[in-house]
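# Observations on the model geometry
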Amino acid sequence: MKTIRIQITEEDRKALILLRQKSGDYRSERALAVLHCTDGKYPGQIADMLKRSSQAVCQWLHAYQKDGLAGLDKEYSPGRPSIRKAKLIPKLEDYLSKSPRDFGWGEDVWSVKVLMAQFKKENGFSISRYTVIRALYDEGFTAKRAKKTTPEHAPSKEEK
């Protein structure tokens, strides 16, 4: 394995030791790797001591060489794009402004199940009911079950 040489000033050493003393900080272990490297240890030896892969230790050391303490920070990883934000929410206004019958459903009122089925029909893949409920709440709507019975306060045939 190649040797990585890092030369640091006394001020940098103090900053690394201070960072090392922060037990809840993920950079603590990375700072320790840099300190071991400045003491003449090889990346493989450091990896064995820290029970990490040599590749990870080398990445930390190269990042420190390049950017100093800022190089020990994690890079932001945004994860998978949100289907709810990217595909469902833009469609909700179109769905809810019309009746489900306009889309070929035999219902008069939108339900979470019908919204899920309409989304699958248009996009070719399913989404969970919780995704639909969260999207409704994001847009200021509420998800309630439609009642299949006549309301108690509904007028009778004679009153109509």
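Cut-offs and rules
- Residues numbered from 1 in each chain as written.
- Predicted model: local features only at pLDDT ≥ 70, side-chain atom pairs only at ≥ 80, totals over all residues.
- Heavy atoms only, no water.
- Salt bridge = Lys/Arg side-chain N within 4 Å of Asp/Glu carboxyl O.
- Helix = DSSP H or I, 4+ residues; strand = E, 2+ residues; numbered from the N terminus.
- Buried < 20%, exposed > 50% of the residue type's maximum accessible area, 1.4 Å probe, protein only.
- Polar contact = N/O pair within 3.5 Å; in protein donor to acceptor, adjacent residues only side chain to side chain.
- Contact = heavy atoms within 4.5 Å.
- Phe/Tyr/Trp six-rings, centres within 6.5 Å; stacked < 30°, edge-to-face > 60°.
- Lys NZ or Arg CZ within 6 Å of the ring centre and 35° of its normal.

Before going further, it helps to spend a moment on the pattern of salt bridges. A full pass over the atoms with the stated rule returns eight salt bridges. In this structure, the salt-bridge partner of Arg27 is Asp73, at a minimum N-O distance of 3.4 Å. Placement of the pair is Arg27 in helix α2 (residues 27-38) and Asp73 in the loop between α4 (54-67) and α5 (83-96), with a sequence separation of 46 residues. For Asp73, a relative accessible area of 33% translates into the label partly exposed. Notably, a salt bridge pairs Arg84 with Asp138, separated by 2.5 Å at the nearest N-O pair.

Relative to the elements of secondary structure, Thr38 occurs in helix α2. Residue Thr38 is classed as buried on the basis of its relative accessible area of 19%. At 3.3 Å, the side chain of Thr38 forms a polar contact with the side chain of Arg13. Among all residues touching Thr38, those that are not within four sequence positions of it are Ile6, Ile8 and Arg13.

Under the criterion given, the structure shown has four aromatic pairs. Judged by centre distance (5.6 Å) and plane angle (85 degrees), the rings of Tyr95 and Phe103 are edge-to-face. Taken together, the ring pairs in this structure connect Tyr95, Phe103 and Trp110 into an aromatic cluster. Here the basic side chain of Lys74 rests over the ring of Tyr26, its NZ or CZ set 4.8 Å away from the ring centre. Looking at Lys121, its charged tip hangs above the ring of Trp105, at a distance of 5.2 Å from the centre.

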